[in-house]
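Fold and contact review
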Amino acid sequence: MLFGEVWNREDRLSLRDRSLVTVVSLMAQGLVESSFRFHLISAKNNGITKEEIGEILTHAAFYAGWPKAWAAFRMAKEVWTDEEAEDSAT
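Read on for a plain summary of the structure.

Criteria and cut-off values
- Residues numbered from 1 in each chain as written.
- Predicted model: local features only at pLDDT ≥ 70, side-chain atom pairs only at ≥ 80, totals over all residues.
- Heavy atoms only, no water.
- Helix = DSSP H or I, 4+ residues; strand = E, 2+ residues; numbered from the N terminus.
- Contact = heavy atoms within 4.5 Å.
- Salt bridge = Lys/Arg side-chain N within 4 Å of Asp/Glu carboxyl O.
- Core = buried A, V, L, I, M, F, W, Y, C linked by side-chain atoms within 4.5 Å.
- Buried < 20%, exposed > 50% of the residue type's maximum accessible area, 1.4 Å probe, protein only.
- Expected span 1.5 Å × (residues − 1).
- Arc of directions from axis to C-beta.
- Phe/Tyr/Trp six-rings, centres within 6.5 Å; stacked < 30°, edge-to-face > 60°.
- Polar contact = N/O pair within 3.5 Å; in protein donor to acceptor, adjacent residues only side chain to side chain.

This paragraph deals with the environment of Gly47. Looking at the element boundaries, Gly47 is found in the loop between α3 (34–45) and α4 (50–64). Sequence-distant contacts of Gly47, that is, excluding residues within four places in its chain, are made with Arg16 and Glu52.

Given below as structure tokens:
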């Protein structure tokens, strides 16, 4: 249902916007493990830039709490740094 139907309703909400909502929702709950990393990678693939994810997590930190945000920042840094390393290797 979730990935087969909800995520495919791009006429109602773009994949980029769904990724943004998902990342913030998971961070707010403190769920920053492997599924969070998957959604960060999806967010990156759906067009959210390194600068934007930093601003998104900073903004959400004021509402969800800084301890949760720091864990999210660490993982986001890894995901976006991996991209930069891959780009420089090619």
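Below, the discussion takes up the pattern of salt bridges. Within the structure shown, the criterion is met by two salt bridges. The partner of Arg16 in a salt bridge is Glu52, and the shortest N-O contact between them spans 2.6 Å. Of this pair, Arg16 sits in helix α2 (residues 15–29) while Glu52 sits in helix α4, and the two are 36 residues apart along the sequence. The shortest N-O distance in the salt bridge between Arg37 and Glu78 comes to 3.1 Å. Pair noted here: Arg37 is in helix α3 and Glu78 is in helix α5 (residues 66–89), with a separation of 41 residues, a long-range link.

Time to look at the nonpolar core. Ranked by internal contacts, the top residues of the largest apolar core, which has 20 residues, are Val23, Met27, Phe36, Leu40, Ile53, Leu57 and Trp80. Among the elements of the structure, α2, α3, α4 and α5 are those that each provide at least two residues to this core. In terms of residue count, α5 provides more of this core than any other element does, seven residues in total. With sequence-adjacent residues up to four places away left out, Ile53 is seen in contact with Val23, Leu40, Ile48, Ala76 and Trp80.

So, on to α2. For α2, built from 15 residues, the straight-helix expectation of 21 Å at 1.5 Å per residue is met to within 8% by its first-to-last C-alpha distance of 21 Å. Where α2 is concerned, the buried positions are Arg18, Ser19, Thr22, Val23, Leu26 and Met27. Here the buried residues of α2 occupy an arc of 160° about the axis, which is enough to place them on one side. Following α2 by one or two positions, Gly30 has its phi on the positive side, about 80°.

As enumerated under the stated definition, the model contains three aromatic pairs in all. On the basis of an interplanar angle of 50° and a centroid distance of 5.5 Å, the ring pair of Trp70 and Phe73 is categorised as tilted. With Trp70 and Phe73 both in helix α5, this residue pair falls three residues apart, about one helical turn. The class of Phe73 is buried, set by a relative accessible area of 18%. Three or more aromatic residues joined by ring pairs make a cluster, and in this case those are Phe62, Trp66, Trp70 and Phe73.

On to the side chain of Lys44. Tracing the chain through its elements places Lys44 in helix α3. In this structure the side chain of Lys44 is engaged in a polar contact, spanning 3.4 Å, whose partner is the backbone oxygen of Val79.

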